[in-house]
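# Geometric and topological summary
Now for the letters of each chain:
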Amino acid sequence: MPLLAVDPESYHPIVYIRGFAMNQSDIDETTADPFCGFNVGSTVYRARPSPIPPARFVFESPVMRLVADHGYANVISQGTDLATPTYSDTIPRRSIVVHHYYDQASALLGDGETPPITTFATNLGALIERISNLVDVSEQGYKRREDLRCYLVAHSMGGLVARAFLQNPALDPKGLRTKVLKLFTYATPHNGIDMLGINVPSFLRSHEIDTFDRKTMSKYLNLEEQFAETNSVAWMPQSCLPASRIFTLIGTNRQDYEVAFGLSRTFVGKGSDGLVRIQNATLSGFDDAANTEPCAKAFAFRSHSGFFGIVNSEEGYQNLQRFLFGDYRVDVWLDVNDVMLPPGELADADAKGELDATYPVEVLISLRNKPWFLSRRVAVEDSAAVFEHKELRTADVPNPRVSKLLSTIFMADWGKKHPDDPTVAYRVQLNILMPDYQVNSADASDGQYEGSKIFSGAAIIELTTDVAPWTARYWWESEAPGSNAPPVVHPLVLTSLGGDKLGATISVSSGGAVEIDATLRFVVSPWQ
């Protein structure tokens, strides 16, 4: 069990922040739920993009798993919790606390009037202050009250509540954001919600949906200057919470999102979880020198909510627990130097600067002996990464011409099937698909076969960490079908990148008619 192997110092109170409720009925329903959906499990799993049939796979819920796997406790006593003003029990270090920010908006416990998101964010600070005042200070808890730290775990709009609290000093007058150690978001619209290609169309601007308008967001997120410069609000100041301490889990299954009888998924369109577009669910950090850093991200074939929702999923929980309590972090990048075309019409057009194409890049990352993906980006699910041919022809850009963060994974010693095994291992399936080429905007893909790939391969990477310095090796799955390593494996040279980060690369070369010169680049570091 993970409970036996995790460093006790890694455990801190978890504050769960639920998502948006559109109408009074939804608000009342979430008010009546003590865990605001964090306790909802599932028995079904979409193993394939096809809508039927689902597989049976039991996931008990994030709450149940955190209690069973990590010894967390629910902060409820004799019918009261932290939402009750008279609650005064000591809170254990391993606590799950729910931010009941909709209570005041309900017709059950409040006045039925929904306050703005800024109120929800301010109340989050008050909740963290209450945790600080009540947390256990003892040998089993914190040695000093000021040592308290907490994790924020948020779904959908809950991530914006967390960001408003962290980013806007006016909403955190007591500076409690320093108590937040990590932020994990499920399907949060970090850059707003788009429907029919419009950021919150006017016909939807009711029931506080204006909360997801980028101009409005720039105000409560304290990003008006950045919004004016970039037309984006998917930014987190590094001084508020470093990008390295934030994880964004992105849903890619819109077909199973049934809200409004399926109208939401229709209006939002492809490349979404049914409500939030994939491109709007990522987040980056920035500093005063305008340097930017992408936050960790992974992708799951899950809808925004429902039976096949992202919160009540095994993939969601596995990424969550490894991000909060794991031992190793790996950022997986694709660096592309060039794509070379065979002699002929396409090569001639390329030489004249008349050729264009969009290359889809699929990546699926899994762990040894686990029946799920930590990250899954597939073209048919509209979640593939992409790069443009013209990016490779941009003048005065050094190699690599294109760098794409494909996904970030976290691993843990406690996740091993055999605890004495000195290695942690993972599999990276990489597919670079043949694009539809255009010459002067006209189709020029004559002679190609649909489904062709420029490159396709799966690498097994093993990282050995029981002695210093760490070592690594890899092999292509095609060299050793099955689970066992071939007689000869390839060393993966780990080089220092400064601090505690190590880098390694694997060459990606197709050798076909269309050739690619690229590398898979791994940035590896200890995690805590």
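Provided above is the structure to which this section pertains.
This section reports on the structure supplied with the text. (Residues numbered from 1 in each chain as written. Predicted model: local features only at pLDDT ≥ 70, side-chain atom pairs only at ≥ 80, totals over all residues. Heavy atoms only, no water.)

## Quick notes on the overall build of the protein
Each helix and strand in the protein was counted, giving nine helices and 29 strands. If you line up the protein on its principal axes, its C-alpha atoms span 75 × 60 × 50 Å. Sequence separation of 24 or more characterises 69% of the internal contacts of the protein that already satisfy a separation of 6 or more. As displayed, the protein offers around 22,800 Å² of accessible surface, 52% of which is attributable to carbon and sulfur atoms. (Helix = DSSP H or I, 4+ residues; strand = E, 2+ residues; numbered from the N terminus. Contact = heavy atoms within 4.5 Å. Areas by Shrake-Rupley, 256 points an atom, 1.4 Å probe, with all protein chains shown as cover.)

## Comments concerning the state of the cysteines
Under the defined criterion, the tally for this structure stands at zero disulfides. Summary of cysteine pairing: Cys 150 is not part of a disulfide, and the nearest cysteine sulfur, belonging to Cys 240, is at 15 Å. (Disulfide = S-S within 2.5 Å.)

## Here's the deal with the nonpolar core
Leu 82, Tyr 102, Leu 152 and Met 157 are the most contacted members of the largest nonpolar core, which totals 66 residues. Of all the elements in the fold, those that place two or more residues in this core are strand 1 (14-17), helix 3 (117-134), strand 6 (150-155), helix 4 (157-167), strand 7 (180-186), helix 5 (214-220), strand 10 (235-237) and strand 11 (246-251). With eight residues, the top contributor of residues to this core is helix 3. Leave out the neighbours within four places in its chain, and Met 157 touches Arg 18, Gly 19, Phe 20, Tyr 101, Tyr 102, Ile 117, Phe 120, Pro 189, Thr 211 and Phe 212. The next biggest cluster of nonpolar side chains, apart from the first, holds 53 residues, and it includes Val 332, Leu 346, Ile 454 and Phe 522. (Core = buried A, V, L, I, M, F, W, Y, C linked by side-chain atoms within 4.5 Å. Buried < 20%, exposed > 50% of the residue type's maximum accessible area, 1.4 Å probe, protein only.)

## Some remarks on the layout of surface pockets
The computed volume of the second largest pocket comes to approximately 510 Å³. Lining the second largest pocket are 22 residues; nearest its centre among them are Ile 278, Gln 279, Thr 282, Lys 297 and Arg 377. By residue number, the principal contributor to the lining of the second largest pocket is strand 20 (residues 402-411), which donates three residues. Broken down by class, the residue content of the lining of the second largest pocket amounts to ten nonpolar, six polar and six charged. (1 Å grid on protein atoms, 1.4 Å probe; cavity = no way out; pocket = protein on both sides within 12 Å on 5 of 7 lines; lining within 4 Å. Points joined across faces, edges and corners; volume = space filled by probe spheres on them. Nonpolar A, V, L, I, M, F, W, Y, C, P; charged D, E, K, R; others polar.)

## As for the pairing of strand 20
The element strand 20 is extensively covered by neighbouring structure, given that eight of its ten residues are classed as buried. Sheet topology places strand 15 (residues 328-340) next to strand 20; nine bridges connect them, and they run antiparallel. Among the inter-strand pairings, Asp 335 is bridged to a residue of strand 20, identified as Ser 403. (Pairing = 2+ DSSP bridges.)

## A closer look at the sheet that holds strand 11
The strand order 4-5-1-6-7-11-14 describes an open sheet built from seven strands, whose pairing is parallel. Single-partner strands in this sheet number two, and they are strand 4 (73-74) and strand 14 (296-300). Judged from the four bridges that link them, strand 7 and strand 11 form a sheet pairing that is parallel. In the sheet register, Thr 185 faces strand 11, and the bridge partner there is Thr 248. On top of the sheet, helix 4 reaches strand 1, strand 6 and strand 7; it is set at about 140° to strand 6, its chief contact. (Axes fitted to C-alpha atoms, helices over the stretch in contact; angles between N-to-C directions.)

## A look at unusual backbone geometry
In the segment running from Asn 399 into Pro 400, the intervening peptide bond is cis, with an omega of 0°. Going from Ala 468 to Pro 469, the amide bond is cis rather than trans, its omega being -5°. Within the secondary structure, Pro 469 sits in the loop between strand 24 (453-464) and strand 25 (471-476). Residue Ser 61 is not a glycine yet carries a positive backbone phi of 125°. Overall, Ser 61 belongs to the buried group, its relative accessible area being 0%.

## Concerning the sheet that holds strand 23 (residues 442-443)
Ordered by their spatial adjacency, three strands build an open sheet running 16-22-23, and the pairing between neighbours is antiparallel. Every interior strand has two partners, whereas the edge strands, strand 16 (355-356) and strand 23, have only one. Looking at chain direction, strand 22 (residues 438-439) and strand 23 are connected through two bridges and run antiparallel. Across the sheet, Gln 438 pairs through a bridge with Asp 443, a residue of strand 23.

## A few points about helix 8 (residues 314-325)
Taking 1.5 Å per residue as the helical rise, helix 8 with its twelve residues ought to reach 16 Å, and the 16 Å between its terminal C-alpha atoms agrees with that figure. Summarising burial for helix 8: twelve of the twelve residues are buried, a large majority. Along helix 8, the residues that are buried comprise Glu 314, Glu 315, Gly 316, Tyr 317, Gln 318, Asn 319, Leu 320, Gln 321, Arg 322, Phe 323, Leu 324 and Phe 325. (Expected span 1.5 Å × (residues − 1).)

## A short note on the pattern of salt bridges
Counted by the stated rule, this structure contains 20 salt bridges. Here Arg 65 and Glu 314 are joined by a salt bridge, their closest N and O atoms 3.0 Å apart. Here Glu 314 lies in helix 8 and Arg 65 lies in helix 2 (residues 62-70), a separation of 249 residues in the sequence. By the burial criterion, Arg 65 is buried, and Glu 314 matches it. (Salt bridge = Lys/Arg side-chain N within 4 Å of Asp/Glu carboxyl O.)

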